[in-house]
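# Inside the fold
Here is how the chains run, residue by residue.
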Amino acid sequence: MRLGRYLVMAGMVLAVCGPTWGQKKASNPNPAHGAAEVAMPLFRWTAGSTAVLHNVYLGKTPQLGAEHLVGSRQPLAMFYYTGGLEPGVTYYWRVDEIELDMVTIHTGDVWMFLTQALTAYRPSPADGATIVPPAPVLSWLAGRGAVQHRVYFSDNRDAVSQAAAGADKGLLPLATTTFTPGTLPEATTYYWRVDEVVSAGISAGPVWTFSTWRTVDDFETYTDAEGSRIYETWIDGWTNKTGSTVGYNQAPFAEQKIIHGGKQSLPLDYNNVNSPFCSEAELDFSPTQDWTAGGTEALVLFVQGRGVDFDLLNAATAPVIDAKVDDVWATAPILPLRTTISGAAPSAPADASAQFRVLYDATNLYVLADVNDDALRNDSASTWQDDSVEIYIDGANAKGQPPLAGTNRQHTFGWTDTVIAGTNTSVTGVQFAQVNTPTGWRIEIKFPWQSLIGAGAPVGRLIGIDCFYNDDDDGGDTRETQIAWHSTAGGDWQTPASWGTTMLVPPGAGASADRLYVTLQDSSNRSAVVTHPDAAVLKATAWTEWKIPLGSFTGVNLARVKKMTIGVGDKAKPAPGRLGKVFVDDVCLVKP
């Protein structure tokens, strides 16, 4: 009877709110995805908008099947697992939402969490880590029932495993789960452990180990004073005649915001459009360096890129602005809008999804956007609150901050609208056409370069670009969803720094030959080049570790290293490339 009344109530709610009310999958898990100190087997979530019952799955593998169903047809968005949780174990769970017809099921996302262990756990640096700075901060998660922590630390394993007095660093209060050993010798292996003081006595922890790196250059010693600037040590294209520029034109000359460790990193601009089709930054060692000392066996760099996200190709024939997909559009890359940046995530591709393409010629920039939307709406006072496509252009690729000004422009095209909305728009000469499709609608747009940037096509240069889609399902004054191609969730839509980057590729130019590489040269002028295996590292927006075994530098005397070069291009087969920027930090040597 109770379940029957619950289903009736749920049906009434759905009848009022409609099938597009909110997200249909379970969301907002508790324990949160990635939680690491879970003790109680109580699971909660936000129910899907059309759910009346819930199937709960729990297991030790992300491949959750029927055998992992622990709560069948639960009436509440909450479940207590009476089987209990094992300490120190990674669990995975999922909630499938069941609709009123008892047939339609929305499979949920798989979430994971780690239960609290009986001893100290989750050490940082991770056990066995070899890429650790010489001044680390050690941290851990407290074991179950701990009231204090006793830390042991030494370069002698036996001293730590036997809790020797020399390794005893004393007691720490429960709230303190970090230990700072100070600046340590480089290329040295250390051991540590944390014993938990519990009501019953001592819960001894395992012995963990890590090795410090040997610094080649962490970029911390450079200043803005003449003689100690970063580009005076790392020689760039102004001297070596490649397409590189190290540092900035004005102080601070080193990068001080995008950093991996410390307070500075190396910014390297590259321009491989013209000969010699490579960009290099060179570091000379005087005297030569012995990279085999201390048992090091690999070179490590941390890199982050600002390469182009896609090539903006020249249109051999200008597309007709009629919202039809002319043959010329087949040459343009398809760019999907996959990130929800505002509101609820689309319940399915048919609810709200989109893709766009871009081409150019000497006079115009062309955009073609295809939208999937099963409920088209245009009834609000504000275009952006209804179904609409937004095109963002950063004409100088300045990657600035709000508000939009200069050549940073937003143009908004509402479904069935004939007037262009937006911020800092320039609509002179802009043409567009729309058409409904079986799954939504399509829009084709022509932006004159003169309106966008006050000049002709900036061939061989970079521009910033993004595309958003606003989805209004219920016809009210508030959109339900906003999705984007490049911008991230929670960001300000007026932030060109979060938009993507493209380069206007000269007509007839081939694919980019750009690759990140490192060259080592010894005192006998023998050299070897190692190229990063993934060209996409030049677009990595998060720090990426590149570990190169020293043995890869074939023929180089690693005991007498004279020069190190970081470059972008193709050393073996020079060919035209693109423009971009790469950041490098914490160049070091590490032990096995």
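Keep in mind that this is a model prediction, so the values were computed, not measured.

Let us look at the side chain of S27. Counting through the fold element by element, S27 comes out in strand β1 (residues 27-30). S27 sits in the buried class, given a relative accessible area of 18%. Contacts of S27, omitting those with residues within four sequence positions, involve W45, T46 and W111.

Moving on, we get to the nonpolar core. Where a protein is soluble and globular, its nonpolar side chains tend to be buried together. Judged by nonpolar contacts, the single largest core of 39 residues is most densely connected at I230, W234, W291, L299, L301, F553 and M564. Breaking this core down by element, the ones donating at least two residues are β22 (266-271), β23 (278-289), β24 (298-305), β38 (515-522), β39 (527-531), β40 (544-549), β41 (561-569) and β42 (579-590). Sequence-distant contacts of W291, that is, excluding residues within four places in its chain, are made with R214, V216, F285, T296, L299, L520, L550, L558, A559, V561, M564 and L589. Of all hydrophobic cores here, the second largest spans 34 residues; its members include V367, I393, L452 and I463.

Attention now moves to the sheet that holds strand β10 (residues 121-124). Pairing in this open sheet of 3 strands is antiparallel, and the strands run β10-β12-β15 from one edge to the other. Edge positions in the sheet fall to β10 and β15 (178-179), since each of these pairs with one other strand and no more.

By the element assignment, D514 lies in the loop between β37 (500-504) and β38. Buried charge without a salt bridge: D514, with R578 as the nearest opposite-charge side chain at an N-O distance of 6.2 Å. Within the structure, D514 has its side chain in polar contact with the backbone nitrogen of R578 (distance 2.8 Å). Setting aside chain neighbours within four positions, we find D514 in contact with Y270, N272, A535, L538, V568, G569, G577 and R578.

Here the focus is the sheet that holds strand β6 (residues 78-80). Ordered by their spatial adjacency, 3 strands build an open sheet running β1-β3-β6, and the pairing between neighbours is antiparallel. In the strand order of this sheet, the two ends are held by β1 and β6, each with one partner. On average, adjacent strands in this sheet sit at an angle of 10 degrees to one another, irrespective of strand direction. Summarising the sheet, β1 and strand β3 (residues 42-46) pair through 2 bridges and their orientation is antiparallel. When the bridges of β3 are listed, S27 appears paired with T46.

Moving on to the packing of aromatic side chains. Considering all chains together, one arrives at 22 aromatic pairs under this definition. For the pair F310 and W485, a centre-to-centre distance of 5.6 Å together with 75 degrees between the ring planes defines the contact as edge-to-face. Taken together, the residues F310 in strand β25 (residues 310-314) and W485 in the loop between β36 (481-484) and β37 connect sequence positions 175 residues apart. Here the two residues F310 and W485 agree in accessibility, since each one is buried. Judged by centre distance (6.3 Å) and plane angle (55 degrees), the ring pair of W441 and Y469 falls under tilted. One end of the pair, W441, is in strand β34 (residues 440-448); the other, Y469, is in strand β35 (residues 462-471), and 28 residues separate them in sequence. Like W441, the residue Y469 is buried in the burial classification. The structure contains a cluster of three or more aromatic residues connected by ring pairs, namely F43, W45, Y91, W93, W111 and F113. If you follow R193 out to its NZ or CZ, it ends over the ring of Y152, 4.9 Å from the centre.

Burial runs high along strand β7 (residues 90-98): 7 of the 9 residues are buried. Note that strand β4 (residues 53-59) and β7 share 7 bridges and pair antiparallel. Counterpart to L58 in the pairing with β7 is W93. As paired strands, β7 and strand β9 (residues 111-115) are joined by 4 bridges and run antiparallel to one another. Note that in β9 the partner of Y91 across the bridge is F113. Counting the residues in the hairpin turn of β7 and strand β8 (residues 105-106) gives 6 residues, including M102, whose phi is positive at 65 degrees.

Conventions and cut-offs
- Residues numbered from 1 in each chain as written.
- Predicted model: local features only at pLDDT ≥ 70, side-chain atom pairs only at ≥ 80, totals over all residues.
- Heavy atoms only, no water.
- Helix = DSSP H or I, 4+ residues; strand = E, 2+ residues; numbered from the N terminus.
- Buried < 20%, exposed > 50% of the residue type's maximum accessible area, 1.4 Å probe, protein only.
- Contact = heavy atoms within 4.5 Å.
- Core = buried A, V, L, I, M, F, W, Y, C linked by side-chain atoms within 4.5 Å.
- Pairing = 2+ DSSP bridges.
- Lys, Arg positive; Asp, Glu negative; His and termini not counted.
- Salt bridge = Lys/Arg side-chain N within 4 Å of Asp/Glu carboxyl O.
- Polar contact = N/O pair within 3.5 Å; in protein donor to acceptor, adjacent residues only side chain to side chain.
- Axes fitted to C-alpha atoms, helices over the stretch in contact; angles between N-to-C directions.
- Phe/Tyr/Trp six-rings, centres within 6.5 Å; stacked < 30°, edge-to-face > 60°.
- Lys NZ or Arg CZ within 6 Å of the ring centre and 35° of its normal.

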